[in-house]
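Remarks on the overall topology
The primary structure of each chain is shown beneath.
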Amino acid sequence: QVQLVESGGGLVQPGGSLRLSCAASGRIFRLNAMGWYRQALGKQRELVAVLTSGGSTNYADSVKGRFTISRDNAKNTVYLQMNSLKPEDTAVYYCLSVVRATVYAQPADYWGQGTQVTVSS
């Protein structure tokens, strides 16, 4: 089994910054993609940013130029640096990791518990 522990959410004023972290632990042979999704109240969950094991990134248009995703492979941790935050960034942010548990296993998706980000004055 794989566990994801997220941290770094909170309340910030518009224009401020936050850094989210997500650490994966457990039975991990290989971490493929790691990324962040978010879900605002009354809306569907949406992709924020994803980073593949090969280093490719994909960002939602709404966060390009403001958010940066990175990972520390030695720590099985993915980060989301969020700058110039806007009220519309308010949401619960979820970490996603695509994990192969063993050399024989197929990749599987694992989700974190979510961390609240609130942007408000």
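All of the points below concern the structure found in this document.

Rules of the game
Residues numbered from 1 in each chain as written. Predicted model: local features only at pLDDT ≥ 70, side-chain atom pairs only at ≥ 80, totals over all residues. Heavy atoms only, no water. Phe/Tyr/Trp six-rings, centres within 6.5 Å; stacked < 30°, edge-to-face > 60°. Helix = DSSP H or I, 4+ residues; strand = E, 2+ residues; numbered from the N terminus. Buried < 20%, exposed > 50% of the residue type's maximum accessible area, 1.4 Å probe, protein only. Lys NZ or Arg CZ within 6 Å of the ring centre and 35° of its normal. Contact = heavy atoms within 4.5 Å. Polar contact = N/O pair within 3.5 Å; in protein donor to acceptor, adjacent residues only side chain to side chain. Pairing = 2+ DSSP bridges. Axes fitted to C-alpha atoms, helices over the stretch in contact; angles between N-to-C directions. Core = buried A, V, L, I, M, F, W, Y, C linked by side-chain atoms within 4.5 Å.

Once that is clear, we can look at the packing of aromatic side chains. Taken as a whole, this structure holds one aromatic pair when the rule is applied. The interplanar angle of 70° and the centroid separation of 5.2 Å between the aromatic rings of Tyr37 and Trp111 together place this pair among those described as edge-to-face. Taken together, the residues Tyr37 in strand 4 (residues 30-39) and Trp111 in strand 10 (residues 108-111) connect sequence positions 74 residues apart. Looking at Trp111, the relative accessible area reads 37%, which means it is partly exposed. The aromatic ring of Tyr79 is capped on one face by Arg19, whose charged end is 4.1 Å from the ring centroid. Just above the ring of Trp111 sits the side chain of Arg45; from NZ or CZ to the centre is 4.7 Å.

Our focus in this paragraph is the environment of Thr118. Along the chain, Thr118 falls in strand 11 (residues 115-119). On the basis of relative accessible area, Thr118 is assigned to the partly exposed category, the value being 26%. Along the sequence, Thr118 and Phe29 sit 89 residues apart, while their C-alpha atoms lie 35 Å from each other. Residues in contact with Thr118, not counting those within four places in the same chain, are Gly10, Leu11, Val12 and Thr90. Engagement of the side chain of Thr118 in a polar contact is seen with the side chain of Gln116, the distance being 3.3 Å.

Here we come to the sheet that holds strand 8 (residues 77-82). Taken in spatial order, the four strands line up as 1-3-8-7 in an open sheet, and their pairing is antiparallel. Pairing within the sheet leaves two strands with one partner each, and these edge strands are strand 1 (2-7) and strand 7 (67-72). Across the sheet, the mean angle from the axis of one strand to that of its neighbour is 15°, orientation sign disregarded. Pairing geometry for strand 7 and strand 8, over six bridges, is antiparallel. Of the residues in strand 8, the one forming a bridge with Thr68 is Gln81.

Okay, the environment of Pro87 next. Locating Pro87 in the fold gives a position in the loop between strand 8 and strand 9 (91-100). For Pro87, a relative accessible area of 45% translates into the label partly exposed. The spatial distance from the C-alpha of Pro87 to the C-alpha of Pro14 is 6.4 Å, given a sequence separation of 73 residues.

Within strand 8, five of the six residues are buried, which leaves it mostly tucked inside the rest of the structure. Note that strand 3 (residues 18-26) and strand 8 share six bridges and pair antiparallel. Bridged to Cys22 within strand 8 is Val78. Between strand 7 and the antiparallel strand that follows it, strand 8, lie four residues; Asn76 among them carries a positive phi value of about 50°.

This brings us to the nonpolar core. Judged by nonpolar contacts, the single largest core of 29 residues is most densely connected at Trp36, Val48, Phe67, Ile69, Leu80, Met82 and Tyr93. Contributions of two or more residues to this core are made by strand 1, strand 3, strand 4, strand 5 (46-51), strand 7, strand 8, strand 9 and strand 11. With sequence-adjacent residues up to four places away left out, Tyr93 is seen in contact with Glu6, Leu20, Trp36, Tyr37, Arg38, Val48, Phe67, Leu80, Met82, Gly114, Thr115 and Val117.

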